[in-house]
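Each chain, written out:
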Amino acid sequence: MGGLFQVPIRLVTGGGSTQRDVQLIVTEPVALNGIADRLILYTGSPIDISLSATRGFPRLAMATSPGDGIRASAGTIVSLSDSEAAALASNGLQWDRSAPGRLRLTGTPVAPATYFVNLTGQTIYGLASEPDRVLVGAAATRALTIMVLRPADLDGDGTVTCRDVAIVRAAFGTVRGQAGFNDLADTNRDGLVNIVDLSYLQSRLPRGTTCP
Ligand SMILES: [Ca+2]
Ligand SMILES: [Ca+2]
């Protein structure tokens with residue numbers, strides 16, 4: 001939420017550190033409602049994606065003792081939890097923690113996977129050089145599903161054809177561990193070969209193609 005916040009800022013100087021209280025007026029609460037709730041990525045395809053906070057920048061920040069030389073920066077961050085970031089990183093996706101006002105993901109996903117993450121949007125205030133920035137006001141949260149899919153060319157012959165659809169159909173209705181299950185056919189790696197995988201394959205066929 002917006003409002004007037006009293007924020008402690010620690011100043012590090014050559015001889016030690018001192019603390020100052022700074023008043024910060026946040027006129028717009030953080031909002032993440034412009035972010036889609038599902039992100040679809042493909043293994044082997046490099047990405048550079050930014051999910052931006054739609055609101056949440058403080059309009060005015062001033063020191064309680066004017067003229068004391070405090071130079072601080074204020075802004076909005078969009079973040080993941082450390083464990084969510086680690087799970088994405090293990091699949092080749094890096095979270096750029098320095099990107100202001102947005103969640104930036106870069107890299108190339110390696111394996112099919114589905115991640116359910118919770119984005120947090122928060123106003124921050126702190127010296128640009130300070131690691132211990134202060135979070136101000138209430139956080140906004142948003143659930144995001146990140147699906148990493150295998151490219152639809154399952155047999156690797158360079159195009160998406162009915163032969164690829166046939167691979168899914170042959171394993172249709174099976175679950176991981178069951179006879180007939182084919183990991184290749186489980187395009188979103190949720191352990192099931194079902195209508196999600198089949199419709200995905202069909203959506204990638206050249207326009208007008210129908211498979212017998
Ligand atoms: Ca193919
Ligand atoms: Ca599946």
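These figures come from a predicted structure and were not determined experimentally.

Participant: Describe the pairing of strand E8 (residues 102–107), with residues and values.
Facilitator: Alignment of strand E4 (residues 47–52) against E8, held across six bridges, turns out to be antiparallel. In the sheet register, Ile 49 faces E8, and the bridge partner there is Leu 105. Two strands pair when backbone bridges link them, and strand E7 (residues 93–95) and E8 are joined in this way by three bridges, in the antiparallel orientation. Residue pairing in the sheet places Leu 93 in a bridge with Gly 107 of E8. Counted between consecutive antiparallel strands, the loop separating E7 from E8 contains six residues, among which Gly 101 sits at a positive phi close to 75 degrees.

Participant: How would you summarise the sheet that holds E8 if you had to cite specific residues and measurements?
Facilitator: In spatial order, the strands read E4-E8-E7; together these three strands make up an open sheet with antiparallel pairing. Where the open sheet ends on each side, the last strands, each with one partner, are E4 and E7. The average angle at which neighbouring strand axes cross in this sheet is 20 degrees, direction not considered.

Participant: Run through helix H2 (residues 162–171), naming residues and quoting values.
Facilitator: Among the residues of H2, Asp 164, Val 165, Val 168 and Ala 171 are the ones counted as buried. Mapping the buried residues of H2 onto a view down its axis gives an arc of 130 degrees, with all of them on the same face. The elements touched by buried residues of H2 are helix H3 (195–203). Looking one or two residues beyond H2, the residue adopting positive phi is Gly 173, at roughly 90 degrees.

Participant: Any details on the nonpolar core? Residues and values, ideally.
Facilitator: Ranked by internal contacts, the top residues of the largest apolar core, which has 27 residues, are Leu 24, Val 78, Leu 103, Leu 119, Val 136 and Val 148. Elements supplying a minimum of two residues to this core: strand E2 (16–26), strand E6 (73–79), E7, E8, strand E9 (113–126) and strand E10 (134–149). Ranked by the residues each element gives to this core, the list is headed by E10, at seven residues. For Val 136, the residues in contact, after removing those within four places along its chain, are Phe 5, Val 7, Leu 24, Val 26, Thr 123, Ile 124 and Tyr 125. Membership of the second largest hydrophobic core comes to nine residues, among which are Ala 152, Val 160, Val 168 and Ala 185.

Participant: Got a sec to walk through the confidence of the model for the chain? Specific residues and values, please.
Facilitator: Should the pLDDT be low somewhere, the predicted coordinates at that spot are not to be read in detail. Taken residue by residue, the chain gives an average pLDDT of 83. The fraction at 70 or more is 82%. A low-confidence stretch, residues 59–67 stays under pLDDT 50, and its non-local contacts, those more than four residues away or across chains, total 16 contacts.

Participant: I'd like a rundown of the environment of Glu 28, residues and numbers included.
Facilitator: Considering the arrangement of structural elements, one finds Glu 28 in the loop between E2 and strand E3 (38–42). Considered as a pair, Glu 28 and Arg 55 are 27 residues apart in the sequence and their alpha carbons are 6.4 Å apart.

Participant: Report on the packing of H2 against H3, specifying residues and quantitative values.
Facilitator: Two numbers describe how H2 lies on H3: the axes approach to 10 Å, and their chain directions differ by 175 degrees. Classified by the interaxial angle, the pair formed by H2 and H3 is roughly antiparallel. On H3, the residues touching Asp 164, Val 165 and Val 168 of H2 are Asp 197, Leu 198, Leu 201 and Gln 202. A breakdown of the residues in the contact of H2 with H3 according to their chemical character gives four nonpolar, one polar and two charged.

So, how was this worked out
- Residues numbered from 1 in each chain as written.
- Chains lettered and ligands numbered in written order.
- Predicted model: local features only at pLDDT ≥ 70, side-chain atom pairs only at ≥ 80, totals over all residues.
- Pairing = 2+ DSSP bridges.
- Helix = DSSP H or I, 4+ residues; strand = E, 2+ residues; numbered from the N terminus.
- Axes fitted to C-alpha atoms, helices over the stretch in contact; angles between N-to-C directions.
- Buried ≥ 20, exposed ≤ 12 C-beta atoms within 10 Å, placed from the backbone.
- Arc of directions from axis to C-beta.
- Contact = placed C-beta atoms within 7 Å.
- Core = buried A, V, L, I, M, F, W, Y, C linked by C-beta atoms within 7 Å.
- pLDDT = per-residue confidence, 0-100.
- Parallel < 35°, antiparallel > 145°, perpendicular 65-115°, else oblique.
- Nonpolar A, V, L, I, M, F, W, Y, C, P; charged D, E, K, R; others polar.

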